[in-house]
Amino acid sequence: MSNAKRVLLIVSGGIAAYKSLEVIRRLRERGIAVRCILTAGGAQFVTPLSLSAISGDKVYGELFSLTDEAEMGHIQLSRDADLLLVAPATADILARMTQGLANDLATTALLATDKPVMVAPSMNVRMWTHPATQANLASLKARGTLFVGPNEGDMACGEYGPGRLAEPEEIVTAVERFFQSGSRLEGLRALVTSGPTHEAIDPVRYIANRSSGKQGHAIAQALADLGADTTLVSGPTSLPDPERVRVKHVRSAEEMLAACLDSLPSDVAVCAAAVADWKVAAAANQKLKKGDEGPPSLTLTANPDILARLAEPGAQRPRLVIGFAAETEKVIEHATAKRQRKGCDWILANDVSAESGTFGGDDNSIHLISADANESWPRMSKRQVAACLAERVATHFESRRA
Ligand code: CTP
């Protein structure tokens, strides 16, 4: 049982709370261990005894229970889980999650966790469609919270519309799919470039740009999370190395190209680095002195285009080569031309116009352009862009395997 996946199920108040018993039963049938937190509202609809009987484990309810804390600290509860599942999730708990409140055990566990969170909302149609709930939904999604349902249908209150808890089977399937997603790219190799490059002027000075590397690092992490054997070639950044990723630290564009070529073969390459277009033609071997001649003039020469080089036809060409394009106007037109010029398969066009608010922000406005498609993604965080891209890459290879 040690390899069994573990779900921390949070049952909040709602007429559909009884369905959580069926969710537990079906999760356990699939070998997934379940431990429950029952909110005070939830306890109005199901009893701790029934949850405990079905889950085969103790049920947690109070934040400051001395006996519970002695057995299992409330932080430990979420540490022990692979996934936190809130089902049913009321409008109230969604609002508290959005605000980051920690006023009961359930919200404390949700705030204290760095584990993935999946939510199955259940509420009256007017509560669901209320702008407050929809704003909470959008902000939770932007943080990476996963959602299953709600469904549309007859409600206990006699109304009809969206807000019904997803069926237990749908919830369990979503959980299973989530656990399986960790192997969708298993057996495939991925290469990602990230960050800026530093082009030496002399041993202590260099030309650089403001790239943070956040997007490229997130992509490497997302590909590794789906099971790809991932190499990240990173220019200088202040970011920690992603987990389960082979990281090659480089400085210049030349070093980045050499590290990329050295990392081939690869099935997919994603070039997210902001590679300097130019380098100093003859970088000095010794520190330049101020001297009498005044400021030196620097002659620049073109750097290799790593994306174009990786996309060149040949035995070592990754099967899927993906680049980025930062555009301020005519986004689709310019990115389409860039895709052809560089010879890559997909371009993620990044709208960096002043109106888009992308520059300096944590969000991205992406258009994915390929030979036969051009799709606009909703505005989302860089982490979400990474997760979406990794999903798309997985779907691409799955459709070719089929
Ligand atoms: N790229 C690269 N090597 C370079 C320059 C760019 O690998 N020497 C990659 C980047 O990682 C990115 C894409 O090419 O995937 C961006 O192409 P680029 O021509 O630099 O486009 P923009 O940054 O959008 O700039 P511009 O519109 O000025 O061409």
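Given the structure is predicted, the values throughout are model-derived calculations rather than measurements.

## Concerning the overall build of the protein
Right, on to step 1. Looking only at helices and strands, one finds 14 helices and 22 strands in the protein.
Right, on to step 2. Dimensions of the protein along its principal axes, counting C-alpha atoms only, are 85 × 50 × 40 Å.
Right, on to step 3. Classification of the 402 residues of the protein by burial places 48% in the buried group.
Right, on to step 4. Considering only contacts in the protein between residues 6 or more positions apart, those separated by 24 or more positions represent 66%.
Right, on to step 5. Entry remark: accessible area of the protein is about 19900 Å², with carbon and sulfur atoms responsible for 52%.
Right, on to step 6. Within the protein, one finds 44 positive and 47 negative side-chain charges whose respective centroids are separated by 3 Å.

## Details of unusual backbone geometry
Right, on to step 1. In this chain, A87 is followed by P88 through a cis amide linkage whose omega measures -5°.
Right, on to step 2. Checked against the element boundaries, P88 lands in strand β4 (residues 83-89).
Right, on to step 3. A cis amide bond links L264 with the next residue in sequence, P265, at an omega value of 5°.
Right, on to step 4. Along the polypeptide, P265 turns up in the loop between α11 (253-262) and β14 (268-271).
Right, on to step 5. One non-glycine residue, R244, lies in the positive phi region at around 55°.
Right, on to step 6. Considering the arrangement of structural elements, one finds R244 in the loop between β12 (229-234) and β13 (246-249).
Right, on to step 7. Classification of R244 as exposed rests on a relative accessible area of 57%.

## Focus: the domain arrangement of the protein
Right, on to step 1. Domain annotation for the protein reports domain 1 (6-181) and domain 2 (189-401).
Right, on to step 2. Placing the centre of domain 1 and that of domain 2 at their C-alpha centroids yields a distance of 39 Å.
Right, on to step 3. Contact with domain 1, which involves five residues of that partner, is made by five residues of domain 2.
Right, on to step 4. A buried area of about 330 Å², summed over both sides, lies between domain 1 and domain 2, and 36% of it is on carbon and sulfur atoms.
Right, on to step 5. Linking domain 1 with domain 2 are zero salt bridges, by the criterion used here.
Right, on to step 6. At the surface where domain 1 touches domain 2, the tally comes to one residue pair in polar contact (both at pLDDT 80 or more).

## Some details on a nonpolar patch on the surface
Right, on to step 1. On the surface, W278, L298 and L300 cluster together into a nonpolar patch covering about 320 Å² of accessible area.
Right, on to step 2. Given the relative accessible area of 51%, W278 is considered exposed.

## A look at the packing of aromatic side chains
Right, on to step 1. Enumeration according to the criterion identifies one aromatic pair in this entry.
Right, on to step 2. Positioned above the aromatic ring of F147, the side-chain terminus of K141 is 5.8 Å from the ring centre.
Right, on to step 3. Between R392 and the ring centre of W346, over which it is positioned, the NZ or CZ distance is 5.9 Å.

## A few points about the side chain of T108
Right, on to step 1. Its place among the elements puts T108 in helix α6 (residues 105-111).
Right, on to step 2. Within the local environment of T108, its side chain forms a polar contact with the backbone oxygen of A102, the two atoms lying 3.5 Å apart.

## Brief notes about the side chain of D104
Right, on to step 1. Residue placement: D104 occurs in the loop between α5 (91-99) and α6.
Right, on to step 2. Residue D104 is classed as buried on the basis of its relative accessible area of 17%.
Right, on to step 3. Here R96 takes part through its side chain, which lies 3.2 Å from a polar atom of the side chain of D104.

## Observations regarding the pairing of strand β2 (residues 33-38)
Right, on to step 1. Where strand β1 (residues 6-11) and β2 come together, six bridges link them in parallel fashion. From the neighbouring strand, I10 faces β2, where its bridge partner is I37.
Right, on to step 2. Handedness of the crossover joining β1 and β2 through helix α1 (residues 19-29): right-handed.
Right, on to step 3. Note that the unit made of β2, helix α2 (residues 48-55) and strand β3 (residues 59-60) has a crossover that is right-handed.

Definitions and cut-offs
- Residues numbered from 1 in each chain as written.
- Predicted model: local features only at pLDDT ≥ 70, side-chain atom pairs only at ≥ 80, totals over all residues.
- Heavy atoms only, no water.
- Helix = DSSP H or I, 4+ residues; strand = E, 2+ residues; numbered from the N terminus.
- Buried < 20%, exposed > 50% of the residue type's maximum accessible area, 1.4 Å probe, protein only.
- Contact = heavy atoms within 4.5 Å.
- Areas by Shrake-Rupley, 256 points an atom, 1.4 Å probe, with all protein chains shown as cover.
- Lys, Arg positive; Asp, Glu negative; His and termini not counted.
- Charge placed at Lys NZ, Arg CZ, Asp CG, Glu CD.
- Domains from an automatic or database assignment.
- Buried area = accessible area lost by both parts, 1.4 Å probe.
- Salt bridge = Lys/Arg side-chain N within 4 Å of Asp/Glu carboxyl O.
- Polar contact = N/O pair within 3.5 Å; in protein donor to acceptor, adjacent residues only side chain to side chain.
- Patch = residues over 30% accessible without salt bridge, like charges linked within 9 Å, V, L, I, M, F, W, Y side chains within 5 Å.
- Phe/Tyr/Trp six-rings, centres within 6.5 Å; stacked < 30°, edge-to-face > 60°.
- Lys NZ or Arg CZ within 6 Å of the ring centre and 35° of its normal.
- Pairing = 2+ DSSP bridges.
- Right-handed = clockwise from strand over helix to strand, strands pointing away.

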